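Structural description and commentary
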Amino acid sequence: MKTADQPFQFVTASYVTRIGNQKSTNLAELGAGLENCSDASIFYHTFQSLGRHHFLTEGFSNDFAQWVLAACNRTELAERLASLDIRDYLSLAELRGDLRRVITDYCQTHPQQAEQTAFEPFFFCESVEVTVPLGLEARTLEEFRQGLERLSHASFHFHFIASRLRLHLSTNDFSTLVR
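Residues numbered from 1 in each chain as written. Predicted model: local features only at pLDDT ≥ 70, side-chain atom pairs only at ≥ 80, totals over all residues. Heavy atoms only, no water.

1. Things to note about the nonpolar core
In this structure, Phe64, Trp67 and Leu81 are the most contacted members of the largest nonpolar core, which totals 36 residues. Elements supplying a minimum of two residues to this core: strand 1 (8-24), helix 1 (27-36), helix 2 (39-53), helix 3 (63-70), helix 4 (75-82), helix 5 (92-109), strand 2 (122-138) and helix 8 (153-167). Once residues lying within four places of it in the same chain are set aside, the contact partners of leucine 81 are Asn62, Phe64, Ala65, Val68, Leu99, Val102 and Ile103. Among the nonpolar cores identified, the runner-up in size contains seven residues, and Ala138, Phe144, Leu151 and Phe174 belong to it. (Core = buried A, V, L, I, M, F, W, Y, C linked by side-chain atoms within 4.5 Å. Buried < 20%, exposed > 50% of the residue type's maximum accessible area, 1.4 Å probe, protein only. Helix = DSSP H or I, 4+ residues; strand = E, 2+ residues; numbered from the N terminus. Contact = heavy atoms within 4.5 Å.)

Quick look at the structure:
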């Protein structure tokens, strides 16, 4: 049986939501807000939103698309924002750029709608990640399998979703053990 040189450390994470003072009241402000908000805000409104809304049968799984639909009543733009597949991104900067491009293109094509006041403001929030090592480690595939049996949803999210951005991986950090 093959043994890894460095053990894989299982971790769990919780995310504390911080509501900032940045908000948008129309589409043009949302585009500007995307330029100035933190990476933690982009993460919260896309990757964390997916985790909170993965069970939805209606609406969209990212907060930007959901707000554009519900507060601005712009279905076409909401669908374009929702069509950005977050699994394709290895960095929040790339995702931010595409979100801004979609909104900017729409605002340039529809200038009157860009300045129209939304039904309610969009508040930029942030995820503050708090990680806790679980005291579980794996050097072999059998130890890894045993560790997986003990993981929570939050641990899987940390290792499958957040790790891709944290480590700039095209896959999840579980893959580092089986290389």
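2. Quick notes on the pattern of salt bridges
Within this structure, the stated rule accounts for seven salt bridges. The salt bridge partner of arginine 101 is aspartate 98, with a shortest N-O separation of 3.8 Å. Here the residue arginine 101 and the residue aspartate 98 both occupy positions in helix 5, the gap between them amounting to three residues, near one helical turn. You can call arginine 101 partly exposed: its relative accessible area is 41%. (Salt bridge = Lys/Arg side-chain N within 4 Å of Asp/Glu carboxyl O.)

3. Remarks on the packing of helix 4 against helix 5
The relative placement of two packed helices is expressed as an angle between their axes plus a distance between the axes. In contact at an axis separation of 10 Å, helix 4 and helix 5 are set at 160 degrees when each is read in the N-to-C sense. When the axes of helix 4 and helix 5 are compared, the pair comes out roughly antiparallel. For helix 4 against helix 5, the interelement crossing comes out right-handed. Across the interface between the two elements, Glu76, Leu77, Arg80 and Leu81 from helix 4 touch Leu99, Val102, Ile103 and Tyr106 from helix 5. The class makeup of the residues in the contact of helix 4 with helix 5 is six nonpolar, no polar and two charged. (Axes fitted to C-alpha atoms, helices over the stretch in contact; angles between N-to-C directions. Parallel < 35°, antiparallel > 145°, perpendicular 65-115°, else oblique. Left-handed = near helix turned anticlockwise from the far one by under 90°. Nonpolar A, V, L, I, M, F, W, Y, C, P; charged D, E, K, R; others polar.)

4. With respect to the packing of helix 3 against helix 4
Closest axis-to-axis distance for the helix 3/helix 4 pair is 8 Å, and the angle between their directions is 170 degrees. The pairing of helix 3 with helix 4 is recorded here as roughly antiparallel in orientation. Judged by residue contacts, Phe64, Ala65, Val68 and Leu69 of helix 3 engage Thr75, Leu77, Ala78, Leu81 and Ala82 from helix 4. Considered class by class, the residues forming the contact of helix 3 with helix 4 number eight nonpolar, one polar and no charged.

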